[in-house]
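Observations on chain architecture
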Amino acid sequence: MTSPAYKRVLLKLSGEALMGDDPYGINRATIERMVADVSEVSKLGVELAIVIGGGNIFRGVAPGAEGMDRATADYMGMLATVMNSLALADAMRQAGITARVMSAIAIEQVVEPYVRPKALQYLEEGKIVVFAAGTGNPFFTTDTAAALRGSEIGAEIVLKATKVDGVYSADPNKDPDATRYSTITFDEAISKHLQVMDATAFALCRDQKLPIKVFSIVKPGALKRVIMGEDEGTLVHV
Ligand SMILES: Nc1ncnc2c1ncn2[C@@H]1O[C@H](COP(=O)(O)OP(=O)(O)O)[C@@H](O)[C@H]1O
Ligand SMILES: O=c1ccn([C@@H]2O[C@H](COP(=O)(O)OP(=O)(O)O)[C@@H](O)[C@H]2O)c(=O)[nH]1
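Residues numbered from 1 in each chain as written. Chains lettered and ligands numbered in written order. Predicted model: local features only at pLDDT ≥ 70, side-chain atom pairs only at ≥ 80, totals over all residues. Heavy atoms only, no water.

- The protein chain is annotated in an unreviewed UniProt entry as Uridylate kinase of Herminiimonas fonticola.
- In its Function (unreviewed entry) section, the UniProt record describing the protein chain reads: "Catalyzes the reversible phosphorylation of UMP to UDP."
- Per UniProt, the protein chain carries the Pathway (unreviewed entry) text "Pyrimidine metabolism; CTP biosynthesis via de novo pathway; UDP from UMP (UMPK route): step 1/1." (UniProt positions renumbered as here; feature names shortened; annotations may be inferred.)

And the structure:
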């Protein structure tokens, strides 16, 4: 049997993908499927930390936030990621997986605060750590939180599980002629303004020499193939 390509990874799960086919919120079948994928790779002995988005509940830059103070809207977005993190951890508990949620903003009656050594301890114990509330700062995204926490915990790679199956030459949801890269450098992704991830996240990963794999969250078995080092999605590298 071949072994996983990585020992420790940071998995970024799209908040928006949690909606499934619903207009907003958390779709039960979708979250259960995500948990089944996570469970499969966790059983391979891979240490997993997860950052989950909040776009299914609230997006700071959304029309609904129009007229709102940006920082206030962003704090609402961060609270949305806390809700998703709690839902994810609970779904994992029901599936028999031990998960710990750690929040970047103080909300101690609900979840424990993010403390780096504690997170490292959980990972070493084989627990899945869910990082909630993004970076804890407005004007950032959960992609940047994934880059930041991935760097902090010494992950070998950031796995961005999203609605598209890789990085394209243009947004594939808008341009039918867009073509997918199998690999691309950070500098190219940044200079071409490819919007699949924000430039702050790309730049942080580039500086830390932390590769990113962008792959589909809806494609069955994709996470496992990525973990096994198989050809799946797009690798963004230095
Ligand atoms: N060059 C590109 N390659 C791939 N996807 C792109 C590109 N440009 C824009 N996108 C869009 O970026 C989206 C993923 O980014 P984002 O909205 O941050 O999703 P997530 O919810 O996973 O954080 C894709 O669904 C796609 O429509
Ligand atoms: O460090 C962070 C992370 C998130 N957010 C806010 O939380 C929202 C939800 O996160 P994101 O859009 O990254 O989630 P996803 O795209 O995965 O659904 C963002 O729009 C921001 O408003 C923030 O302000 N700081």
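Topic: the overall build of the protein chain
- Counting its regular elements, the protein chain contains 7 helices and 9 strands.
- The C-alpha radius of gyration computed for the protein chain amounts to 17 Å, which stays within 12% of the reference 18 Å derived for 238 residues, consistent with globular compactness.
- Across its three principal directions, the C-alpha atoms of the protein chain cover 55 × 50 × 35 Å.
- Expressed as a percentage of its 238 residues, the buried residues of the protein chain come to 50%.
- Considering only intrachain contacts with a sequence separation of at least 6, the fraction spanning at least 24 residues in the protein chain is 71%.
- Of the roughly 11100 Å² of accessible surface on the protein chain, a fraction of 52% belongs to carbon and sulfur atoms.
- If the 25 positive side-chain charges of the protein chain are averaged to one point and the 29 negative ones to another, these points end up 4 Å apart. (Helix = DSSP H or I, 4+ residues; strand = E, 2+ residues; numbered from the N terminus. Rg over C-alpha atoms; globule rule 2.2 N^0.38 Å. Buried < 20%, exposed > 50% of the residue type's maximum accessible area, 1.4 Å probe, protein only. Contact = heavy atoms within 4.5 Å. Areas by Shrake-Rupley, 256 points an atom, 1.4 Å probe, with all protein chains shown as cover. Lys, Arg positive; Asp, Glu negative; His and termini not counted. Charge placed at Lys NZ, Arg CZ, Asp CG, Glu CD.)

Focus on the UniProt feature "domain: Aspartate/glutamate/uridylate kinase" (unreviewed entry) in the protein chain
- The feature "domain: Aspartate/glutamate/uridylate kinase" (unreviewed entry), as given by UniProt, occupies residues 7-216 in the numbering adopted here.
- For residues 7-216, the end-to-end C-alpha separation is 21 Å, with 36% helix and 18% strand making up the annotated structure.

Some details on unusual backbone geometry
- Of note in this structure, phenylalanine 139 is not a glycine but carries a positive phi near 70°.
- Note that phenylalanine 139 resides in the loop between β5 (128-132) and α4 (142-152).
- Residue phenylalanine 139 is classed as exposed on the basis of its relative accessible area of 55%.
- The phi angle at lysine 209 is positive, at roughly 55°, despite the residue not being glycine.

With respect to the pattern of salt bridges
- Enumeration over the complete set of coordinates arrives at 18 salt bridges.
- The residue arginine 28 makes a salt bridge to glutamate 32 at a minimum N-O spacing of 3.3 Å. Here arginine 28 pairs with glutamate 32, and both are found in helix α1 (residues 28-42), just 4 residues apart, close to one helical turn.
- In this structure arginine 28 comes out as partly exposed when scored by relative accessible area, which is 41%.
- Between arginine 149 and glutamate 152 there is a salt bridge; the shortest N-O distance is 2.6 Å. Of the two residues, arginine 149 and glutamate 152 both sit in helix α4, 3 residues apart, roughly one turn of that helix.
- One continuous salt-bridge network, built from bridges that share partners, spans Lys7, Arg8 and Glu47. (Salt bridge = Lys/Arg side-chain N within 4 Å of Asp/Glu carboxyl O.)

Some points on the packing of α1 against helix α2 (residues 70-94)
- As a packed pair, α1 and α2 sit with axes 10 Å apart at the nearest point and diverge in direction by 65°. In this structure, the crossing between α1 and α2 has a hand that is right-handed. Seen from α1, the contacting residues are Arg28, Ile31, Val35 and Val38; seen from α2, they are Ala87, Leu88, Ala91, Met92 and Gln94.
- By residue class, the composition of the contact of α1 with α2 is 7 nonpolar, 1 polar and 1 charged. (Axes fitted to C-alpha atoms, helices over the stretch in contact; angles between N-to-C directions. Left-handed = near helix turned anticlockwise from the far one by under 90°. Nonpolar A, V, L, I, M, F, W, Y, C, P; charged D, E, K, R; others polar.)

Things to note about α2
- For α2, which comprises 25 residues, the first-to-last C-alpha distance of 36 Å matches the rise-based estimate of 36 Å (1.5 Å per residue) to within 8%.
- Glycine 96 occupies a position one or two residues after α2 and carries a positive phi of about 85°. (Expected span 1.5 Å × (residues − 1).)

Details of the site of ligand 1
- In the vicinity of ligand 1, 17 residues are found, and the nearest of them are Ser14, Thr162, Tyr168, Asp171 and Asn173.
- Here an oxygen atom of ligand 1 sits 2.9 Å away from a polar atom, N or O, in the side chain of lysine 12.
- In the environment of ligand 1, an oxygen atom lies 3.1 Å from a nitrogen or oxygen atom belonging to the side chain of lysine 160.
- Coverage of ligand 1 by the protein chains reaches 87% of its 580 Å² of free accessible surface.
- Comparing atom positions with the cavity grids shows ligand 1 to sit within the largest pocket.
- Tallied by class, residues from the shell around ligand 1 come to 7 nonpolar, 5 polar and 5 charged. (Near = heavy atom within 4 Å. Polar contact = N/O pair within 3.5 Å; in protein donor to acceptor, adjacent residues only side chain to side chain. 1 Å grid on protein atoms, 1.4 Å probe; cavity = no way out; pocket = protein on both sides within 12 Å on 5 of 7 lines; lining within 4 Å. Sits in = over half its atoms within 2 Å of the grid points.)

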